[in-house]
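Coordinates in review
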Amino acid sequence: MTDPSHSGSLLTIDVEAIVANWRLISQGVAPAEAAAVVKADSYGLGAAQIAPALAAAGCNTFVVATLDEGIALRPLVPAAVILVLNGPLPGSEADFAAHSLVPVLNSLGQITAWSNFAKAGSGAPAAAIHIDTGMNRLGLDETELDRLAARPGVLAGVRPILALSHLACADERDHPMNEEQRMLFTRLTSRLPAMPLSLSASSGCFLGRNFHFDLVRPGAALYGLNPTPGRPNPMAQVVRLQGKILQVRDVDSPRTVGYGATYRVTGPGRIATVSIGYADGWFRALGNRGHGMIGGVKVPLVGRVSMDLACFDVSAVPQAVSHPGALIDLIGPDYTADDVAADAGTIGYEILTALGRRHHRRWLTSAEEAQA
């Protein structure tokens, strides 16, 4: 954690907006339950601050990727169900049981190991079963599911409380694979004992009621990323990233800016050097492509992004608001994480999870502004 006067950048996370986004999805998918995906430290934004607020709002199920994430989350949401997507690695079963974590079992090997562990009388919690309907990553394919269905004793030992799968193209509303996966999921789960079902993550929540089943697993949408690309974003914005101007320089042609001299000044102007770089998660790919906002004016990023610095052309901004110590908006309502991602040639998920440790962070709630 940094002192705001020591840090070159400020990252503000609106926790109330995250809660509002969860409530919007929860109301939209009812009577299905809306979980909250808080893996990767709530997409880089701080699970320690975000998960308890979601629990207080009524979220009862949380989703993480790894065992360590589940262990860290447990004291923050002591009464919640915590699903661990990657399942148990060999020898880790006792740690799942010790922290009451629900493993998502992704293979026959994991299922057999968990069943044996549970039958040994070790107080193992129930588990979830992952079915592969087209991603070809984790999960049981149709042949493996048939083998499992033929061994009811193994499944009984697992005590499954959920069967889940994952959509490959949910962000493309009309992609035929969405319906193909939904139908396959319905067909394959009919071979299992009756249990709650879950297919959709953020974008799937907006594909219609047929995709909701019993539980949805929104993640990116909670943090303000658009789950409906090509249409207006239904989610509230969550993140504001600001960088401090360190120096403003008067320039004129034929000067160049930054490493490699990739930007050439074409006339009289002013260049602001800002305390942000790829070590802070401001992608090098944004060089000569990204921009910021200052004083309500869009300012282009010029030259290459280096490890600690980026330069912006502030020629169009009054000197009264573009001076050393002033803040430039790098992510905000006028230049969202999705916009940054488009300029960087990536996705908003990567922008959020890459945000570095050097930003001074503050988390906003309805009652107070919690700073660290």
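Residues numbered from 1 in each chain as written. Predicted model: local features only at pLDDT ≥ 70, side-chain atom pairs only at ≥ 80, totals over all residues. Heavy atoms only, no water.

Some details on the UniProt feature "binding site: substrate" (unreviewed entry) in the chain
Following the UniProt record, one finds the feature "binding site: substrate" (unreviewed entry) at Arg137 and Met307. Over a stretch of 171 residues, the named residues are scattered through the fold, their C-alpha atoms separated by up to 33.8 Å. Note that arginine 137 resides in the loop between strand E7 (127-130) and helix H7 (142-149). Judged by its relative accessible area of 61%, arginine 137 falls in the exposed class. Mapped onto the fold, methionine 307 is located in the loop between strand E16 (297-302) and strand E17 (310-313). With residues near it in sequence (within four places) discarded, methionine 307 still touches Gly277, Tyr278, Ala279, Asp280 and Arg358. (UniProt positions renumbered as here; feature names shortened; annotations may be inferred. Helix = DSSP H or I, 4+ residues; strand = E, 2+ residues; numbered from the N terminus. Buried < 20%, exposed > 50% of the residue type's maximum accessible area, 1.4 Å probe, protein only. Contact = heavy atoms within 4.5 Å.)

Some thoughts on the confidence of the model for the chain
When pLDDT is averaged along the chain, the result is 94; 98% of the residues meet or exceed 70. Ignoring residues within four places in sequence, the model shows residues 368-372, a span with pLDDT below 50, making 14 contacts including any to other chains. (pLDDT = per-residue confidence, 0-100.)

What about the pairing of strand E4 (residues 61-64)?
What you see with E4 is no split at all: Thr61 and Val63 on one side and Phe62 and Val64 on the other are buried throughout. As defined by bridge partners, strand E3 (residues 36-37) adjoins E4 across two bridges and the pair is classed as parallel. Bridge pairing links valine 37 to valine 63 in E4. Strand direction decides the pairing type here: E4 and strand E5 (residues 81-84), joined by four bridges, are parallel. If you follow valine 63 over to E5, its bridge partner there is leucine 83. Between the parallel pair E4 and E5, the chain is carried across by helix H4 (residues 67-73), and the sense of this crossover is right-handed. (Pairing = 2+ DSSP bridges. Right-handed = clockwise from strand over helix to strand, strands pointing away.)

Details of the environment of leucine 222
Within the fold, leucine 222 resides in the loop between strand E10 (215-216) and strand E11 (239-251). Sequence separation between leucine 222 and isoleucine 111 is 111 residues; the distance between their C-alpha atoms is 31 Å. Here leucine 222 is in contact with Ile18, Asn21, Trp22, Ile25, Ala36, Val37 and Val238, once residues within four sequence places are set aside.

As for helix H1 (residues 15-29)
With 15 residues, H1 ought to run about 21 Å at 1.5 Å a step, and its terminal C-alpha atoms sit 21 Å apart, in line with that. Taken as a whole, H1 has its buried residues at Val15, Ala17, Ile18, Val19, Asn21, Trp22, Ile25 and Val29. Of the surrounding elements, those touching the buried residues of H1 are strand E1 (9-14), strand E2 (33-34), E3, helix H3 (47-56), E10 and strand E19 (360-364). In this structure aspartate 14 caps H1, since a side-chain oxygen of it lies 3.1 Å from the backbone nitrogen of glutamate 16. (Expected span 1.5 Å × (residues − 1). Polar contact = N/O pair within 3.5 Å; in protein donor to acceptor, adjacent residues only side chain to side chain.)

Quick word on helix H6 (residues 108-119)
With twelve residues, H6 should cover 16 Å at 1.5 Å per step; its first-to-last C-alpha distance of 16 Å lies within 8% of that length. Residues of H6 that are buried include every one of Leu108, Gln110, Ile111, Trp114, Ser115, Phe117 and Ala118, and no others. Note on H6: the residue one or two positions beyond its end, glycine 121, has a positive phi of about 80 degrees.

Topic: the packing of aromatic side chains
By convention here, two paired aromatic rings are described through the distance between centres and the angle between planes. This model, assessed by the stated rule, comprises five aromatic pairs. A centroid spacing of 4.9 Å and a plane angle of 35 degrees characterise the contact between tyrosine 43 and tyrosine 223, whose relative ring orientation is tilted. In this pair, tyrosine 43 is assigned in helix H2 (residues 39-44) and tyrosine 223 in the loop between E10 and E11, connecting sequence segments 180 residues apart. Grouping residues by exposure puts tyrosine 43 and tyrosine 223 together as buried. Residues tryptophan 114 and phenylalanine 117 carry aromatic rings whose centres are separated by 5.5 Å and whose planes lie at 45 degrees to one another, so their mutual orientation is tilted. Within this pair, tryptophan 114 and its partner phenylalanine 117 are both found in helix H6, separated by three residues, close to a single helical turn. Relative accessible area serves as the criterion here: at 0%, tryptophan 114 is assigned to the buried category. One aromatic cluster in this structure is built from Tyr43, Tyr223 and Tyr349. (Phe/Tyr/Trp six-rings, centres within 6.5 Å; stacked < 30°, edge-to-face > 60°.)

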